[in-house]
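# Residue-level structure breakdown
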Amino acid sequence: MATFNLSYLDPRTVTLTGIPGLEHVQFWIGFSFFAVCLVALLGNIILLVIIPEEHSLHQPIYILLAVLAATDVGLCLAITPKMLAIFWFGSRSMAFDACLAQLFFIHALQCMESGILLAMAFDRYVAICDPLRYTSILTPSILVWMLLVVAIRATVLVGLLPILINRLHLFQSTVIAHTYCEHMAVVKLAAEDIRVNKICGLFVGFTILGFDMIFILISYILIFQAVFHLNQKKARLRAFNTCTAHIFVFLEFYILAFFSFFSHRFGHVAPSTHILLSTIYLLVPHALNPIVYGVKNKVIFKWVAQIFLLNHKSQ
């Protein structure tokens, strides 16, 4: 008769190992991630201060940028404290329910970010392909509805993941080889049939990330067609210049997202490489986003320069 270790029946805690194979340098890796997190928090909080204050930025694209900045702050706060506690203090234990809560918030915020990037692509499409109807299409009420749909879609679909994990009772291990509670890393601990969990994870990924990426690509195909039909070279460059920041943010988000998504399910990437890159994917884009938009937008750049100049003079 088979016997099971009852300590893994409905476990109350899990253990996060950090980056397998790099335990001897995790302490120092923590400083680089801490620096990236500080840049992300500072940059995005500055955006959240500037955009409501500056009247010229009260446009749909910058309102969406402010919401994107808020999700970036949320993601940094969801992952960084526990990760740094693992790296610096060896605090690897985590309550199972807290692990599921972290899993939900990280994946829900990722999905919200994807939806916001789609909304920003739609904004650029209307601004370039139908500029005369821009203000009548992207009204404040339409913007609110778009954001509500993005938030509800992410909450409902991602909410299925921890619910399905909760139906699992028997686990072969409680050690998660990761820096945070990632869906498949937790699911693979189970000693039961996890086909439903895998299918649901793929469904959520393709329904949100796949759907958004396809429609963003369609938006930019139509945008580029409209831009290349402009007669003047200067007009083409000006129209294309309004999209460059969003294109950069879109590429960094989806390239890293799909690498992390597929390598965990189908790839044969070394665990240390996968975990390091998936952690970079969660932190680095959120530090780059405010920098990209700050450099591209003269109003934001001017505000940032004034903030740091005033701080410098006060010292």
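Please refer to the structure higher up on the page.
First things first, this report covers the structure right here in the doc. (Residues numbered from 1 in each chain as written. Predicted model: local features only at pLDDT ≥ 70, side-chain atom pairs only at ≥ 80, totals over all residues. Heavy atoms only, no water.)

## Some thoughts on the overall build of the protein
When its secondary structure is counted, the protein shows 11 helices and 3 strands. Along the protein, helices (α) and strands (β) appear in the sequence β-α-α-β-α-α-α-β-α-α-α-α-α-α when read from the amino end. In terms of overall dimensions, the protein is globule-like: its C-alpha atoms have a radius of gyration of 22 Å, near the 20 Å expected for 315 residues. With the C-alpha coordinates of the protein rotated into their principal frame, the extents come out at 80 × 50 × 35 Å. Going through the 315 residues of the protein one by one, you find that 47% of them count as buried. Long-range contacts, defined as pairs at least 24 residues apart, comprise 80% of the intrachain contacts of the protein with a sequence gap of at least 6. Distance between charge centroids for the protein: 10 Å, based on 19 positive and 14 negative side chains. (Helix = DSSP H or I, 4+ residues; strand = E, 2+ residues; numbered from the N terminus. Rg over C-alpha atoms; globule rule 2.2 N^0.38 Å. Buried < 20%, exposed > 50% of the residue type's maximum accessible area, 1.4 Å probe, protein only. Contact = heavy atoms within 4.5 Å. Lys, Arg positive; Asp, Glu negative; His and termini not counted. Charge placed at Lys NZ, Arg CZ, Asp CG, Glu CD.)

## Side note on the nonpolar core
Leu65, Leu117, Met120, Ile176, Cys181, Ile216 and Tyr254 are the most contacted members of the largest nonpolar core, which totals 97 residues. For this core, the element with the highest residue contribution is helix 3 (residues 96–129), accounting for 17 residues. (Core = buried A, V, L, I, M, F, W, Y, C linked by side-chain atoms within 4.5 Å.)

## Some details on helix 5 (residues 140–166)
Taking 1.5 Å of rise per residue, 27 residues should cover 39 Å, and helix 5 covers 39 Å from first to last C-alpha, within 8% of that figure. Taken as a whole, helix 5 has its buried residues at Leu143, Met146, Val150, Arg153, Ala154, Leu157, Val158, Gly159, Leu161, Pro162, Leu164 and Ile165. Packing partners of the buried residues in helix 5 comprise helix 2 (60–89), helix 3, helix 6 (183–187) and helix 7 (195–228). (Expected span 1.5 Å × (residues − 1).)

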